[in-house]
Amino acid sequence: ADALALTGGAEPSSITGLLAHWDFNDQGHPDVTQPGDAIVPSSANSPGNGNENAPNAIDNDSATKYLNFDAAGDAMPTGFVVTPSIGGTVVTGMTLTSANDSPERDPMTVELYGSAMSEAPAWDASSWVMIAQIDVPAFADRFETQSFSFSNAVGYYHYRWVVTEVADGATANSMQIAEVELLGTAGTVEEPTMLEISMIDGGQVTNAWSSSTMFRG
């Protein structure tokens, strides 16, 4: 899917075919993630007491937050990988809620990637496909929620949420976010598979691998 650069303020498009147990944001759009979904931080460089770890980003509680020190001085991208438990989804929007303090740590540039692999790739794997890049306007207040929409018609099982720049990388010692919602609907996923092909060359059989696809809802 082609990446789409965005600025803030756009409301996500109307979404149909909703599942009853999905969470909805204030505008009535479904969040494909829910508390308890498998989520892995970009690194272990978060507070070790568990109070500010990655699951807080999808716990539907803006009083908690996810914090990661990888972003100190814009040193490296930070974020998380999440696998929605509802299965394959097509994500076409996102909301971000600022955390309780330190606005210099707020995300300023966010990228969203997807994967159709049956198992979630590693954070730094090259197989992630960019879905959207979002330029986040400065949050006017703490616990403020901003909504974004983007074009995407491709279904994925896993998502990589990446912050490449925070509000003030020169002074921030980390990145933090209170809540991230990925807005979308159930969708068919074109899952990459590998097919073994035997080739005969000079009387010898050589095994090779070729990429193919399969569909799984």
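In short, a report on the structure.

Thresholds applied
Residues numbered from 1 in each chain as written. Predicted model: local features only at pLDDT ≥ 70, side-chain atom pairs only at ≥ 80, totals over all residues. Heavy atoms only, no water. Buried < 20%, exposed > 50% of the residue type's maximum accessible area, 1.4 Å probe, protein only. Helix = DSSP H or I, 4+ residues; strand = E, 2+ residues; numbered from the N terminus. Pairing = 2+ DSSP bridges. Phe/Tyr/Trp six-rings, centres within 6.5 Å; stacked < 30°, edge-to-face > 60°. Lys NZ or Arg CZ within 6 Å of the ring centre and 35° of its normal. Core = buried A, V, L, I, M, F, W, Y, C linked by side-chain atoms within 4.5 Å. Contact = heavy atoms within 4.5 Å. Polar contact = N/O pair within 3.5 Å; in protein donor to acceptor, adjacent residues only side chain to side chain.

## Remarks on the pairing of strand 7 (residues 89–97)
Right, so step 1: Taking burial as the measure, the 9 residues of strand 7 include 9 buried ones, the bulk of the element.
Right, so step 2: Across 8 bridges, the pairing between strand 7 and strand 13 (residues 179–186) is antiparallel. In the sheet register, Thr95 faces strand 13, and the bridge partner there is Glu181.
Right, so step 3: Two elements, strand 7 and strand 10 (residues 145–149), share 5 bridges in a ladder whose sense is antiparallel. Directly across from Gly93, in strand 10, lies its bridge partner Ser149.

## A short note on the packing of aromatic side chains
Right, so step 1: Within this structure, the stated rule accounts for 3 aromatic pairs.
Right, so step 2: Centroid distance Phe80 to Trp161: 5.0 Å. Interplanar angle 20°. Geometry classified as stacked. Separated by 81 residues along the polypeptide, Phe80 in strand 6 (residues 78–83) and Trp161 in strand 11 (residues 158–166) bring together distant segments of the chain.
Right, so step 3: Seen from their ring centres, Tyr156 and Tyr159 are 6.2 Å apart, and the 80° between their planes marks the pair as edge-to-face.
Right, so step 4: Assessed through its relative accessible area of 1%, Tyr159 is described here as buried.
Right, so step 5: The ring of Tyr113 has Arg160 lying over it, and the distance from NZ or CZ to the ring centre is 4.2 Å.

## Quick word on the nonpolar core
Generally speaking, a soluble globular protein has its nonpolar side chains buried in company with each other.
Right, so step 1: Ranked by size, the top nonpolar core spans 34 residues in total, and within it Phe80, Met94, Leu96, Trp161, Val180 and Leu182 carry the most contacts.
Right, so step 2: Secondary-structure elements contributing two or more residues to this core are strand 6, strand 7, strand 8 (107–115), strand 9 (129–135), strand 11, strand 12 (175–177) and strand 13.
Right, so step 3: If you tally residues by element for this core, the top one is strand 11, at 4 residues.
Right, so step 4: Beyond its immediate stretch of four places on either side in the chain, Val180 contacts Asp31, Thr33, Ala57, Ile58, Phe80, Met94, Thr95, Leu96 and Trp161.
Right, so step 5: Core analysis: the next-biggest nonpolar cluster, separate from the first, contains 5 residues, Val81, Tyr113, Trp123 and Trp128 among them.

## Regarding the side chain of Gln176
Right, so step 1: Along the chain, the position of Gln176 falls in strand 12.
Right, so step 2: For Gln176, a relative accessible area of 0% gives the class buried.
Right, so step 3: From its side chain, Gln176 meets the backbone oxygen of Asp101 in a polar contact 2.4 Å long.
Right, so step 4: Within polar-contact distance, the side chain of Gln176 engages the side chain of Arg105 at 3.0 Å.

## Focus: the side chain of Thr78
Right, so step 1: By the secondary structure assignment, Thr78 is in strand 6.
Right, so step 2: Residue Thr78 is classed as buried on the basis of its relative accessible area, which comes to 0%.
Right, so step 3: At 3.1 Å, the side chain of Thr78 forms a polar contact with the side chain of Ser42.
Right, so step 4: If we skip the residues at most four places from it in the chain, Thr78 touches Ser42, Tyr66, Asn68, Asp70, Ala71, Trp123, Trp161, Val162, Val163 and Met175.

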